[in-house]
Amino acid sequence: MPQLITTRKQLTEAQQAYQRKKIALVPTMGALHEGHLSLVKIAKQQAEIVWVSIFVNPLQFGPSEDFSKYPRTLDNDLKMLEDLGVDYVWSPSVEEMYASSFAKASSDKEPLIQANPELTNKLCGLNRPGHFDGVCTVVKLLFDLIQPNVAVFGEKDYQQLMVIKEMVSRLKLPVEIIGAPILREPSGLAMSSRNRYLNEKEKLLATEIYKKLFYLSSLKQITELDLTKAKADLENLKIRVEYLEIFWNKILIAARIGSTRLIDNIKRSI
Ligand code: AMP
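Residues numbered from 1 in each chain as written. Predicted model: local features only at pLDDT ≥ 70, side-chain atom pairs only at ≥ 80, totals over all residues. Heavy atoms only, no water.

## Comments concerning the sheet that holds strand S7 (residues 240–247)
Here's step 1: Read from one edge of the open sheet, three strands run S7-S8-S9, paired in antiparallel fashion. Either end of the sheet is taken by a strand with one partner, and the two such strands are S7 and strand S9 (260–267). Averaged over all neighbouring strand pairs, the angle between strand axes comes to 10°, with direction disregarded.
Here's step 2: Across the sheet, helix H10 (residues 200–218) touches S7, strand S8 (250–257) and S9, and the angle it forms with S9 is around 25°. (Pairing = 2+ DSSP bridges. Helix = DSSP H or I, 4+ residues; strand = E, 2+ residues; numbered from the N terminus. Axes fitted to C-alpha atoms, helices over the stretch in contact; angles between N-to-C directions. Contact = heavy atoms within 4.5 Å.)

Laid out in structure tokens, this is it:
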């Protein structure tokens, strides 16, 4: 059973109990699912001490986004981590997380770390202004506090993975970033905490997103027309496509079903 750590004082005490061990961190916002657990399993292979953080970071949510209704299921999350050999779960309050001088300003909605605009001037960055600055700020703070040698992030949030890798290299942070493959439901739907917002009908509809990505990934060449047509097909099914684009040799999509925003991506075949 992992030890639950909620204050900086407990965090320091926990760190004193181990010295010079290899540490891995898996940052999450909780409402854990198998996708998160797959990251934990990778972390376990990489290090002697494994931390999972569970923190819904207000800085990365826009004013009209789902911060207050984001699912918070800490007791269940701890149960899910029970048998995975996680040593510590860091789950502070917002005040405790942003208590240092580093982050005081950031809790007042001024992220202290800027993501590289060249990576955020597209895809999710366009529709979620400031989102990646909020992500960078919290991830940098997590690294400062936990001091991991390795941190595992999912390829599900591929733009986020690129942004974090760039931040780590720009700030010369002493942490290795490992990208982990996307875990999917048997239907193909990428696992996500936000899938909880979907009813059965919407969940079924959401599988069309993966089906479309899979189809596009099978094409030898993808033209603008293919993307436009795929978008129109999804829109016809009442899936509102925010973007469907190609970067980093991936086909990436963000789409809404009802008010639920889902993202996914797939490798392009060449
Ligand atoms: P979140 O709690 O949504 O912030 O996600 C925490 C971490 O889990 C991020 O690095 C995500 O990319 C990763 N993750 C979320 N869903 C999946 C999935 N289906 N497969 C693999 N990793 C995932």
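## Considering the nonpolar core
Here's step 1: Core analysis: the largest hydrophobic core is formed by 45 residues, its most contacted members being Trp51, Trp90, Met97, Phe143 and Ile177.
Here's step 2: Here this core gets 10 residues from one element, more than from any other, and that element is helix H8 (residues 131–146).
Here's step 3: Once residues lying within four places of it in the same chain are set aside, the contact partners of Met97 are Arg8, Phe55, Trp90, Pro92, Val138, Leu141, Leu142 and Leu145.
Here's step 4: In this structure, Leu198, Ala206, Ala230 and Ile239 belong to the second largest nonpolar core, which totals 21 residues. (Core = buried A, V, L, I, M, F, W, Y, C linked by side-chain atoms within 4.5 Å. Buried < 20%, exposed > 50% of the residue type's maximum accessible area, 1.4 Å probe, protein only.)

## With respect to the site of the ligand
Here's step 1: Of all residues adjacent to the ligand, which total 17 residues, the nearest are His36, Gly154, Asp157, Leu183 and Met191.
Here's step 2: Note that a nitrogen atom of the ligand is positioned 2.8 Å from one of the backbone N or O atoms of Leu183.
Here's step 3: Protein chains bury 93% of the 480 Å² of accessible surface belonging to the ligand in isolation.
Here's step 4: Mapped onto the shell around the ligand, the elements with two or more residues apiece are strand S2 (23–28), helix H2 (34–46) and strand S5 (150–154).
Here's step 5: Per-element tally for the shell around the ligand: the top contributor is H2, with three residues. (Near = heavy atom within 4 Å. Polar contact = N/O pair within 3.5 Å; in protein donor to acceptor, adjacent residues only side chain to side chain. Areas by Shrake-Rupley, 256 points an atom, 1.4 Å probe, with all protein chains shown as cover.)

## Some thoughts on the pattern of salt bridges
Here's step 1: In total, this model carries 12 salt bridges according to the counting rule given.
Here's step 2: One salt bridge connects Arg194 with Asp66, and the closest N-O pair in it is separated by 2.9 Å. A residue pair is termed long-range when its members are at least 10 positions apart, and Arg194 in the loop between strand S6 (176–180) and H10 and Asp66 in the loop between strand S3 (49–54) and helix H3 (74–81) qualify at 128 residues. Accessibility classification places Arg194 together with Asp66 in one group, the buried group.
Here's step 3: One salt bridge connects Arg170 with Glu166, and the closest N-O pair in it is separated by 3.1 Å. Residue Arg170 and its partner Glu166 are both found in helix H9 (residues 158–170); the two are separated by four residues, about one turn of the helix.
Here's step 4: When its relative accessible area of 18% is taken as the criterion, Glu166 is described as buried. (Salt bridge = Lys/Arg side-chain N within 4 Å of Asp/Glu carboxyl O.)

## With respect to the pairing of S3
Here's step 1: Among the six residues in S3, six count as buried, and that is most of the element.
Here's step 2: Of the pairings in the sheet, the one linking S2 to S3 comprises six bridges and is parallel in character. Residue pairing across strands places Ala24 opposite Val50, the latter belonging to S3.
Here's step 3: After leaving S2, the chain enters H2 and then returns to the sheet as S3, a path that is right-handed.
Here's step 4: Between S3 and its parallel partner strand S4 (residues 88–90), the chain crosses via H3, and the hand of that crossover is right-handed. (Right-handed = clockwise from strand over helix to strand, strands pointing away.)

## Regarding the pairing of S7
Here's step 1: Where S7 lies against S8, seven bridges are found, and the strand directions are antiparallel. In the strand pairing of S8, Glu245 is matched with Leu252.
Here's step 2: Here S7 folds back onto S8 in antiparallel fashion, the turn holding two residues, of which Trp248 has a positive phi close to 50°.

Bear in mind that shape data such as this cannot, by itself, settle questions of function.
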